[in-house]
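Each chain is listed here by its residues.
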Amino acid sequence: METAMVADLADAGPEEFDTLDPTAGAAGCYHRLRQRQADRRWSTGYLRAREGGRLTAAIPVYALRGRSWPSHHYDPATWPLPEQLRAGLSPATCLLVGGCADGRSGLPARGPADRLGRLVAELAGYAAAQDRCLVFPYLSGAARAALTEATGDRVVWVPLRREAHLRGATDPAWERALGSKVRGVLRRDRRRIAAAGLTGSVHGWTELADEAGELVAAHNVRLGEPDHPEFARMRYAEWHECAGVEVVVIRVAGAGVTGVLTALVWRDELELCEVGLTAGDSPDRLAAYLDLVFHRPLALARERGLRHLRLGSAAEVPKRSRGAVFTELYGGVLDREQTRRLAGARG
């Protein structure tokens, strides 16, 4: 196995890279990571491995250049880790592995545990040379298990969020296989939506950017999340420029209510991002919300043959009651002492 630290993914093709670990969806795809690579707030590198000319790993690592985290979600000192461990975590002491944004990270490496063990030891050496620890943000359970085995259980893990999924919903028999309670909830939803007389449409981002930006930002502010229409437009303009990813906006309207849902299409996945609804509290608004966050996306996925729906992490009870299955995303830290030990064990 030939390995090297490189600053760019340019010598790996998108298809070659995206087959390494597609579990993070669009957030971990080749073109999205190339966008992150252009973010000057971060110093970006990749541990690349090839075997027999074949790409077997291209693991991204990020060191923050500034003194404060761009997002509190990626500040490991805010994670539910042991207090003693949190005390040593700062932008100057952490090297993030896998991702630095978007709330999900992949582990782009394939092969047996001993191969991954060698790769992680090389990452540890790279981090130790900078007096940093290794931080693994928002990884799947499978990636957590692989890293636990590869490091001899040295990483301290904590759950960070739960993500809702629908798989196989494009199968005509999907709904029939659900329990009677779930089917009853879906029938009730449809009655509410029909009573509201909602109209719906699907648009590309550029068609609806102004209205969607206004509605999404206003909705976030009402929920206590700082936002601005221009910030919302910037978020999705970046996604719109990400090759291989399509930004769609689902819009519904009825008497006194207008709503939008932003979503991403990547390969056979539809990922729901943010909702924006006009203010108020009425049965029609509830119907519009249910239509946006479940029924219209489901219809779009079926129309396009998208087999995997990512429904996000909020509102777990309503999503579960409509057939969603949740998976855990984990954060892990290999502290500086353990990072140095693992680096010293190379070879």
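Below, the structure is looked at part by part. Just so we're clear, the structure is a prediction, and the values are computed from it rather than from any experiment.

**Concerning helix α2 (residues 30-37)**
(1) Moving on: Within α2, six of the eight residues are buried, which leaves the element mostly enclosed by the surrounding structure.
(2) Moving on: Contacts from the buried residues of α2 go to α1 (14-18), β2 (42-51), β3 (54-64) and α8 (229-240).

**Thoughts on the sheet that holds strand β1 (residues 2-6)**
(1) Moving on: Strand order in the open sheet formed by 12 strands is β1-β2-β3-β4-β5-β12-β6-β11-β10-β9-β8-β7, with mixed pairing between adjacent strands. The outermost strands of the open sheet, each flanked by one partner alone, are β1 and β7 (199-204). Here the strands of the sheet are splayed against their neighbours by 25° on average, with no regard to which way each runs.
(2) Moving on: Across the sheet, α2 lies against β2 and β3, angled at about 140° from β2, the strand it touches most.
(3) Moving on: Contacts between helix α4 (residues 113-128) and the sheet are confined to β1, β2, β3, β4 (94-97) and β5 (133-140), with β3 contributing the most and set at about 30° to the helix.

**Considering the pattern of salt bridges**
(1) Moving on: Under the counting rule described, the total for this entry stands at 29 salt bridges.
(2) Moving on: Across the pair R104 and E271 runs a salt bridge, and its minimum N-O distance is 2.8 Å. Note that R104 is positioned in the loop between β4 and α4 and E271 in strand β10 (residues 269-277), a separation of 167 residues in sequence. Pair check on accessibility: R104 and E271 agree, each one buried.
(3) Moving on: For R322, the salt bridge is made with D189, and the minimal N-O distance between the two is 2.6 Å. With a gap of 133 residues between them, R322 in the loop between α10 (316-320) and β12 (325-334) and D189 in helix α6 (residues 180-196) connect regions that are remote in the sequence.
(4) Moving on: The class for R322 is buried, based on a relative accessible area of 7%.

**Some remarks on the packing of α4 against helix α11 (residues 336-344)**
(1) Moving on: Running from N to C, α4 and α11 point in directions that differ by 120°, and their axes come no closer than 8 Å. Relative to α11, the element α4 is oriented oblique. Note on packing geometry: the crossing formed by α4 with α11 is left-handed. Across the interface between the two elements, V120, A121, A124, G125, A127 and A128 from α4 touch T339, R340, L342 and A343 from α11.
(2) Moving on: Split by residue class, the contact of α4 with α11 holds seven nonpolar, two polar and one charged.

**Description of the packing of aromatic side chains**
(1) Moving on: The full count for this structure, using the stated rule, is seven aromatic pairs.
(2) Moving on: Ring centres 5.1 Å apart and planes at 50° place the aromatic pair Y74 and Y138 in the tilted group. Highlighted residues: Y74 in the loop between β3 and α3 (83-86) and Y138 in strand β5, separated in sequence by 64 residues.
(3) Moving on: For Y138, a relative accessible area of 6% translates into the label buried.
(4) Moving on: Pairwise contacts between aromatic rings join W42, Y62 and W69 into one cluster.

**As for α6**
(1) Moving on: The first and last C-alpha atoms of α6 sit 25 Å apart over 17 residues, in line with the 24 Å expected at 1.5 Å per residue.
(2) Moving on: Inspection of α6 places V182, V185, L186, D189, I193 and A196 among the buried residues, and these make up the whole buried set. Mapping the buried residues of α6 onto a view down its axis gives an arc of 95°, with all of them on the same face. Every exposed residue of α6 that faces more than 90 degrees away from the buried side is listed here: S180, R191, A194 and A195.
(3) Moving on: Where α6 is buried, its residues contact α9 (283-304).
(4) Moving on: G197 occupies a position one or two residues after α6 and carries a positive phi of about 60°.

**Describing the nonpolar core**
(1) Moving on: Among the nonpolar cores identified, the biggest contains 34 residues, and L166, W174, L198, L270, L292, F294 and L311 are the most heavily contacted of them.
(2) Moving on: Those elements that place two or more of their residues in this core are β6 (156-167), α6, β8 (245-254), β9 (257-266), β10, α9 and β11 (308-312).
(3) Moving on: Element by element, the count of residues in this core is highest for α9, at eight residues.
(4) Moving on: Discounting residues that sit within four places of it in the chain, F294 has contacts with L166, W174, L186, L311 and R322.
(5) Moving on: Counting 29 residues, the second-largest nonpolar core is a separate cluster that includes L47, A49, A124 and A150.

**Some words on the side chain of T44**
(1) Moving on: Tracing the backbone through its elements, the reader meets T44 in strand β2.
(2) Moving on: A residue is classified by how much of its surface remains accessible, and T44, at 14% relative accessible area, is buried.

**A look at a positive patch on the surface**
(1) Moving on: The grouping of R187, R188, R191 and R192 at the surface amounts to a positive patch.
(2) Moving on: Considering the arrangement of structural elements, one finds R192 in helix α6.
(3) Moving on: Since its relative accessible area comes to 34%, R192 is described here as partly exposed.

**Structural notes on the environment of G111**
(1) Moving on: The topology assignment puts G111 in the loop between β4 and α4.
(2) Moving on: Take G111: its relative accessible area is 52%, and that puts it in the exposed class.
(3) Moving on: Between the C-alpha atom of G111 and that of A57, which follows or precedes it by 54 residues, the distance is 9.0 Å.

The rules behind each value
- All residue numbers refer to positions counted from 1 along the written sequence of the respective chain.
- Thresholds applied to this predicted model are a pLDDT of at least 70 for local features of residues and 80 or more for the giving and counting of side-chain atom pairs; totals over whole chains, interfaces and linings are not thresholded and use all residues.
- Think of the side-chain values as coming from all heavy atoms in the structure, minus any hydrogens and water.
- Note on classification: 1.4 Å probe, protein chains only; a residue is buried when its accessible area is under 20% of the maximum for its type, exposed when over 50%, partly exposed between these limits.
- Numbering of helices and strands starts at the N terminus; helices are DSSP runs of H or I of at least 4 residues and strands are runs of E of at least 2.
- Any two residues whose heavy atoms approach within 4.5 Å at even a single point are treated as in contact.
- Here, a strand pair is defined by DSSP locating no fewer than two bridges between the strands.
- Working convention: axes come from line fits to C-alpha atoms, limited for helices to the stretch in contact. Angles between N-to-C directions cover 0 to 180 degrees.
- Salt bridges are defined by distance alone: a side-chain nitrogen of Lys or Arg within 4 Å of a carboxyl oxygen of Asp or Glu.
- Reported orientations rely on four angle classes, namely roughly parallel under 35 degrees, roughly antiparallel over 145, roughly perpendicular from 65 to 115, and oblique for the rest.
- The hand of a helix crossing depends on one turn: near helix anticlockwise from the far one by less than a right angle means left-handed, and clockwise means right-handed.
- Ten residues, namely Ala, Val, Leu, Ile, Met, Phe, Trp, Tyr, Cys and Pro, are considered nonpolar, four, namely Asp, Glu, Lys and Arg, are considered charged, and the remaining ones, Gly among them, are considered polar.
- To pair, rings of Phe, Tyr and Trp, with the six-membered ring standing in for Trp, must have centres within 6.5 Å; the planes then decide the type, stacked if under 30 degrees apart, edge-to-face if over 60, and tilted in the middle.
- One fewer than the residue count of a helix, multiplied by 1.5 Å, yields its expected span.
- Here the arc refers to the directions that run from the helix axis out to each C-beta atom.
- Only buried Ala, Val, Leu, Ile, Met, Phe, Trp, Tyr and Cys residues count toward a nonpolar core, and they belong to the same one when joined by side-chain atoms within 4.5 Å.
- Candidate patch residues must exceed 30% relative accessible area and have no salt bridge, after which like charges are joined if within 9 Å and Val, Leu, Ile, Met, Phe, Trp or Tyr side chains if within 5 Å.
- A 1.4 Å probe and the Shrake-Rupley method give the accessible areas. Residues count as covered only by the protein chains that appear here.
- Positive residues here are Lys and Arg, negative ones are Asp and Glu, while His and the chain termini are left out of the count.
- To locate a charge, take NZ of a lysine, CZ of an arginine, CG of an aspartate or CD of a glutamate.

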